Amino acid sequence: MHILVVNDDGPPSNQSSPYVHSLVKSLQEAGHIVSVVLPHTQRSWIGKAHIIGQTVKPTYFRPGTLHQDDGTTHSRPLPAGAKEQEEWVLVDGTPASCVQIGLYHFFQDRGPIDLVVSGPNYGRNSTAVFSLSSGTLGGALEAAVCKRRAIALSYAFFSRNHDPEIIAGASKLSVKLIDYLYANWGKEVDLYSVNVPLLEGVEGNKIMWTNMLQNYWSEGSCFQEVVDEEGDADEEEQKLREREGQGGDEGANGEGEKVMRHKHKHFKWAPRFTDVYKSVEDAPPGNDGWAVKEGYTSVTPLKANFMHAAAQTEGELKLPIQEPFILHQAPSPVTYRTLLTRNPRPSPTLPAVETPTLSESQPFKTKNHFYALINYEDAYVQPLILEALKARFTPDSYTLISSLSELPTPSTPFLQISSYESLPFEQILSHPTSSLINAYIIRKALIRKHYLSTTAYNWTTKNPSSILATNIKPACEFEVDYAEFLDDALVEAWELQESWRKGEELSKEEREWWILKPGMSDRGQGIRLFSSEEELQGIFDEWEAERPDSDDENEDEDEDENEEIATGKASEADGKGGNEEKEGDFIVTSHLRHFIAQPYIHPPLLLPGNPRKFHIRTYVLALGSLKVYVYKPMLALFAATPYVPPWSSTTTSTFSNTTDLSPHLTNTCLQTGAHDGSVHSFFSLPDSQLPPSQKEDIFAQICATTSEVFEAAARGMSVHFQTLPNAFEVFGLDFLVDERGTAWLLECNAFPDFRQTGEELKGLVGGLWREVVGVAVGGFFGVEGVEGKGEGEGEMVLVRDVDLGRRYIHPNVKRDGKEKNVTEVEQMWSNPVW
């Protein structure tokens with residue numbers, strides 16, 4: 001998950017802030033995305049304050065070696081394109097201000113923040129006296145009133161010997177507890193206050209649900225009169241903690257000399273820790289102060305009004321030790337686990353595809369029920385989804401609604417399947433155990449061509465034996481706004497430069513041919529073929545000449561905004577993504593920036609008796625965090641005209657206007673008129689044209705490549721592909737098979753254009769949605785249904801199950817024949833290993 005870390009002790013310092021670096025590293029090692037905003041100096045005892053009239057200014061901290069105090073602070077952030085390095089934000093404000101600035105002014109490119117962790121505090125924050133003044137609690141309270149889940153974390157030390165191993169143990173326990181609390185968040189809880197004692201072997205000590213001890217200062221002042229001098233905040237914090245560790249205080253003079261006039265004095269904060277320790281000794285067991293005294297970790301659920309939440313505050317909290325429980329399983333689909341070994345590639349054996357079997361073929365009566373808002377905004381798909389719900393679930397399992405306002409309560413079990421821009425992301429982020437939607441928020445690592453290229457490159461660099469090294473063409477990426485700057489953009493396109501150098505004296509037939517793809521376009525827009533630098537320059541010159549005058553007016557628009565629109569709204573099925581309003585093969589200026597060039601796949605596999613090039617459309621279901629399924633019924637989409645080599649498509653020396661792409665582009669949306677004969681069921685292709693063994697070999701490659709590329713995005717590009725446990729998404733992956741039988745991944749499409757399937761094969765798409773509904777929807781809500789008997793059912797193949805540590809389970813899902821509720825203490829947490 002994405003976690004914002006704040007504190008009240010400032011940046012890492014063995015003197016005044018010795019724990020935050022350890023916690024951040026432990027969270028990162030557990031697979032979380034961690035963003036950090038801290039006060040630039042000590043801000044303890046400040047509560048939930050903001051400083052009015054102040055302009056808060058950030059600086060930028062680059063952490064050094066753990067426990068070494070060698071981090072550096074800079075006035076400016078790292079420049080764009082700089083070598084990747086961790087960088088935190090420091091502000092001259094309070095912990096509460098750090099929360100506000102972290103939530104709303106930084107890190108938007110990392111996706112929504114799931115949780116705010118305030119701490120670890122340098123010292124305990126148990127009992128009311130400490131908690132009411134705590135900047136650590138103040139940061140968590142600020143997050144809570146911003147409607148974010150928050151945990152205030154404090155490390156209670158008993159000596160000044162800050163053993164790195166003991167700190168590491170406390171951080172590991174804290175990460176486990178953070179994961180557990182987030183996955184099992186109490187319904188009425190706004191924040192948790194957690195106190196972890198710094199003791200050897202703390203991971204083996206008890207964790208206790210506690211209330212907060214109500215205690216009070218005794219008579220007398222908490223300020224000490226001092227001579228006229230200014231103290232350093234960090235030094236003062238160190239002195240306070242030294243006294244805390246000793247369990248005593250020096251006392252403060254609460255009875256000033258009686259004088260008739262004011263006497264000029266200075267005062268220093270000198271709280272009497274003995275008051276707190278005495279109140280703990282005098283109180284009965286069960287409170288947070290008692291738990292820390294006994295060496296236990298305390299967990300106190302709170303509301304954002306200093307009141308205990310209506311949640312458990314007694315007894316032991318036992319973290320489970322068994323294997324993490326993942327989403328409730330729908331009917332078990334087939335699994336495919338065989339990784340291909342290439343060069344040479346043996347013919348892999350796939351398991352037999354079996355129809356998922358329910359215990360009975362009749363509808364099950366179930367008390368689980370959910371509300372569904374289905375508005376896909378596509379007349380082809382909308383009825384298929386409604387039919388899938390009807391086919392899979394009994395009428396008493398769900399209720400159709402037309403607006404989110406019709407939900408009885410915000411936490412009512414709720415499903416929405418609609419277009420990307422219509423999805424209620426705030427709803428699902430606020431209700432992760434009860435709301436389910438049909439798209440992830442961020443998935444550019446897969447659906448943008450230049451990101452997909454980077455995903456594959458990064459993964460194969462670390463995993464050279466991966467199938468992505470043999471089934472995705474390497475790409476040259478470059479950025480260019482205007483044709484005149486193309487030379488500069490290609491300076492580091494080494495592969496292109498080398499290819500052109502080798503082809504200088506060769507004919508077109510002998511050169512290496514390349515395909516140009518705009519990174520953010522879709523529906524086949526902007527794709528071109530070239531074999532020389534002159535030809536590529538001609539392509540950009542042509543686009544420059546065709547650009548509408550009105551397009552220049554928008555060239556300064558924010559690129560990120562354009563990209564998000566393209567990522568969400570401009571799906572493959574959305575005509576806007578291809579600039580449908582204009583005639584011809586023109587793409588909008590905002591898409592003319594990121595490009596990739598890849599070696600053109602020649603010659604492609606051509607079927608006997610059908611000389612047209614074709615690609616394979618594969619539908620993939622990504623579920624939660626993260627299971628990946630491949631729907632075995634696939635499509636074969638054929639080009640409009642018979643295939644010819646790319647050099648044969650060029651009829652004159654002027655390349656830019658004379659290349660016929662119809663033999664090369666298999667995207668049916670670019671074909672004029674009817675698509676008769678252009679779309680076929682892949683496995684229904686005549687065996688005389690494509691033997692069954694070759695079909696199965698191709699499918700095996702597709703399964704292996706799909707599983708690998710999704711894991712590569714999830715693990716290697718987690719900033720740009722962020723899974724959610726209460727989301728699923730259907731992608732359309734396109735593969736091209738070459739003459740040797742290698743299935744090359746071309747692209748991955750969000751919201752695929754199902755309409756291109758046509759009426760004749762509409763049953764294939766209907767079967768897909770019945771499988772999606774059964775696996776994703778039934779699994780999330782724990783709603784059992786009827787046994788599927790329609791076309792394409794029982795064909796969903798599980799190809800990868802990646803544990804990313806984000807999981808939720810709907811209440812009352814059955815495990816081992818018994819009903820379990822997510823609020824139960826034994827609910828599973830996960831500690832993923834990356």
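Residues numbered from 1 in each chain as written. Predicted model: local features only at pLDDT ≥ 70, side-chain atom pairs only at ≥ 80, totals over all residues. Heavy atoms only, no water.

(A) Seen up close, the pairing of strand β28 (residues 728–737). Among the ten residues of β28, ten are classified as buried, and the element is accordingly described as predominantly covered. Burial of the side chains of β28 extends over both faces: Phe-728, Val-730, Gly-732, Asp-734 and Leu-736 are buried on one face and Glu-729, Phe-731, Leu-733, Phe-735 and Val-737 on the other. As defined by bridge partners, strand β23 (residues 614–623) adjoins β28 across eight bridges and the pair is classed as antiparallel. Across the sheet, Leu-623 pairs through a bridge with Phe-728, a residue of β28. Bridge count for β28 against strand β29 (residues 743–750) is seven bridges, and the pairing is antiparallel. Considered in β29, the bridge of Leu-736 is made with Trp-744. The turn joining β28 and β29, which pair antiparallel and follow one another in sequence, is formed by five residues; a positive phi near 95 degrees is taken by Gly-741. (Buried < 20%, exposed > 50% of the residue type's maximum accessible area, 1.4 Å probe, protein only. Helix = DSSP H or I, 4+ residues; strand = E, 2+ residues; numbered from the N terminus. Pairing = 2+ DSSP bridges.)

(B) Looking closely at the pairing of strand β19 (residues 476–479). By the alternation rule, side chains of β19 split into Cys-476 and Phe-478, which are all buried, and Glu-477 and Glu-479, of which none is buried. Where β19 lies against strand β22 (residues 594–599), four bridges are found, and the strand directions are antiparallel. In the strand pairing of β22, Cys-476 is matched with Ala-597.

(C) Just the environment of Trp-209, in detail. Inspection of the secondary structure assignment puts Trp-209 in strand β9 (residues 207–209). Its relative accessible area of 8% is what places Trp-209 among the buried residues. Separated by 89 residues in sequence, Trp-209 and Ser-298 place their C-alpha atoms 6.1 Å apart.

(D) Layout of helix α15 (residues 494–503). Considered for burial, the residues of α15 that qualify are Leu-496, Ser-499, Trp-500 and Gly-503. End-on view of α15: buried residues confined to an arc of 95 degrees, all on one side of the axis. With respect to the buried face of α15, the exposed residues turned more than 90 degrees away are Trp-494 and Lys-502. (Arc of directions from axis to C-beta.)

(E) Region of the structure containing the packing of helix α12 (residues 449–462) against helix α18 (residues 692–716). Where α12 meets α18, the axes come as close as 9 Å, and the angle between the chain directions of the two elements is 90 degrees. With respect to each other, α12 and α18 are oriented roughly perpendicular. Contacts from Leu-452, Thr-455 and Trp-459 in α12 reach Glu-708, Val-709, Glu-711, Ala-712, Ala-713 and Arg-715 in α18. In terms of residue class, the contact of α12 with α18 is built from five nonpolar, one polar and three charged. (Axes fitted to C-alpha atoms, helices over the stretch in contact; angles between N-to-C directions. Parallel < 35°, antiparallel > 145°, perpendicular 65-115°, else oblique. Contact = heavy atoms within 4.5 Å. Nonpolar A, V, L, I, M, F, W, Y, C, P; charged D, E, K, R; others polar.)

(F) Structural detail: the sheet that holds strand β17 (residues 435–437). Taken in spatial order, the four strands of this open sheet run β15-β14-β16-β17, and their pairing is parallel. Strand pairing shows two members of the sheet lacking a second neighbour, β15 (398–400) and β17, which therefore form its edges. Geometrically, the sheet is characterised by an average inter-axis angle of 20 degrees between neighbouring strands, direction not taken into account. Inspection of the sheet shows strand β16 (residues 414–418) paired to β17 by three bridges, in the parallel sense. By the bridge assignment, Leu-415 is partnered in β17 with Leu-436.

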